[in-house]
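Okay, here's what each chain looks like letter by letter:
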Amino acid sequence: MAFARSIKNRSRFSHYIKNYWLLHVFLIPGMLLILIFNYIPMGGIIIAFKNYSIFKGVLASPWIGFANFSYLFNSRDFWRVLNNSVSISLLKLVWGFPVPIILALMMNEMRSVKYKRLTQTLLYLPHFLSWVIVMGIIFNMLSYTTGLFNYALVALGQDRIAFLNEKSMIRTIVVTSEIWKNAGWGTIIYMAAMSNIDPTYYEAAIIDGATRLQRIRYITIPGIMNTIIVLLILNM
């Protein structure tokens, strides 16, 4: 009985491959891409357990076990670096994750097509700028001597503020710049998810007298909830 079932399964598999072999051929470039750029580089993890020398290479460098980890954990600045990394990541998640959702909801309610396209372009543009350019913009905006914000403070009769030298402002600057750069790009995913919502739901809600906020709450947000959950998991 088991032998007959095995023969039957093999027959089904060969029939499936015969009919859909071309689709599997299309998978080869993507699989090669993942293999070359995602899996093969993972071999570089062994550098963490070696006294790596650029002249000897990865394989010829001597093994030192957990010495690098011991040096890291016993470093005087380790806990401060860890605290900064975790706190900045949490701030980006708490403040940065909802922003694309809110922007997508706002753009979805726009009725002027031209204004909507202009807004989308302005929001997407920072994503295509390198971090070098972004940091140059931030420096020019927040510089103590030539920054736009300090010029505005002086014009209002206030003292200049050294934004880039204040420890209390560094996290805010980092998180804000991250949101400004990537929030617009994140709205593309949510806008695409909203386009899949059946418009008859909105028509029925309008007939029933639902306000715009009620339509957002009971139709739009539930319609993109799966996308929100997936992106939240990926961001975490």
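Preceding this paragraph is the structure being described.
All values derive from a computational prediction rather than experimental measurement. Residues take numbers from 1 onward in each chain, read along the sequence in its written order. In keeping with the model being predicted, local features are shown solely for residues with a pLDDT of at least 70 and side-chain atom pairs are shown and tallied solely at 80 or more, while totals for entire chains, interfaces and linings include all residues. Hydrogens and waters are ignored; side-chain quantities use all the structure's heavy atoms.

**Student:** So what's going on with the pattern of salt bridges? Residues and values would help.
**Tutor:** Salt bridges are defined as contacts in which a side-chain nitrogen from Lys or Arg sits within 4 Å of a carboxyl oxygen from Asp or Glu. All told, the structure shown has four salt bridges when counted by the stated rule. Put simply, arginine 80 and aspartate 77 hold a salt bridge, and the shortest N to O gap is 3.2 Å. Burial classes follow relative accessibility: with a 1.4 Å probe on protein chains only, a residue under 20% of its type's maximum area counts as buried, one over 50% as exposed, and anything between as partly exposed. Among the residues examined, arginine 80 registers a relative accessible area of 55% and is labelled exposed. On the accessibility criterion, aspartate 77 (30% relative accessible area) is partly exposed.

**Student:** Help me get a handle on the packing of aromatic side chains, residues and values and all.
**Tutor:** Whether two aromatic rings pair depends on their centres lying within 6.5 Å, for rings of Phe, Tyr and Trp, where Trp uses its six-membered ring; planes under 30 degrees apart make the pair stacked, over 60 edge-to-face, and the rest tilted. Scanning the model with the defined rule gives seven aromatic pairs in all. Ring geometry for phenylalanine 49 and phenylalanine 69: centres 5.4 Å apart, planes at 40 degrees, overall tilted. Here the residue phenylalanine 49 occupies a position in the loop between helix 1 (2–39) and helix 2 (57–60), and phenylalanine 69 occupies one in helix 3 (residues 67–73), the gap between them amounting to 20 residues. Here phenylalanine 49 falls in the partly exposed class, since its relative accessible area comes to 25%. Taking the relative accessible area as the measure of exposure, phenylalanine 69 reaches 28% and is therefore partly exposed. Taken together, Phe49, Phe66 and Phe69 form an aromatic cluster joined through their ring pairs. Only lysine NZ and arginine CZ atoms are considered, and such an atom sits over a ring when it is within 6 Å of the ring centre and within 35 degrees of the ring normal. The ring of tyrosine 151 carries arginine 160 above its face, with NZ or CZ at 5.7 Å from the centroid. Strands here are runs of E lasting at least two residues and helices are runs of H or I lasting at least four, both read from the DSSP assignment and numbered beginning at the N terminus.

**Student:** Any details on helix 5 (residues 98–108)? Residues and values, ideally.
**Tutor:** If you check which residues of helix 5 are buried, you get Pro100, Ile101, Leu103, Ala104, Leu105 and Met107. Packing partners of the buried residues in helix 5 comprise helix 4 (78–96), helix 6 (113–124), helix 9 (167–195), helix 11 (212–223) and helix 12 (225–235). In this analysis, two residues are considered to be in contact whenever any of their non-hydrogen atoms come within 4.5 Å of each other.

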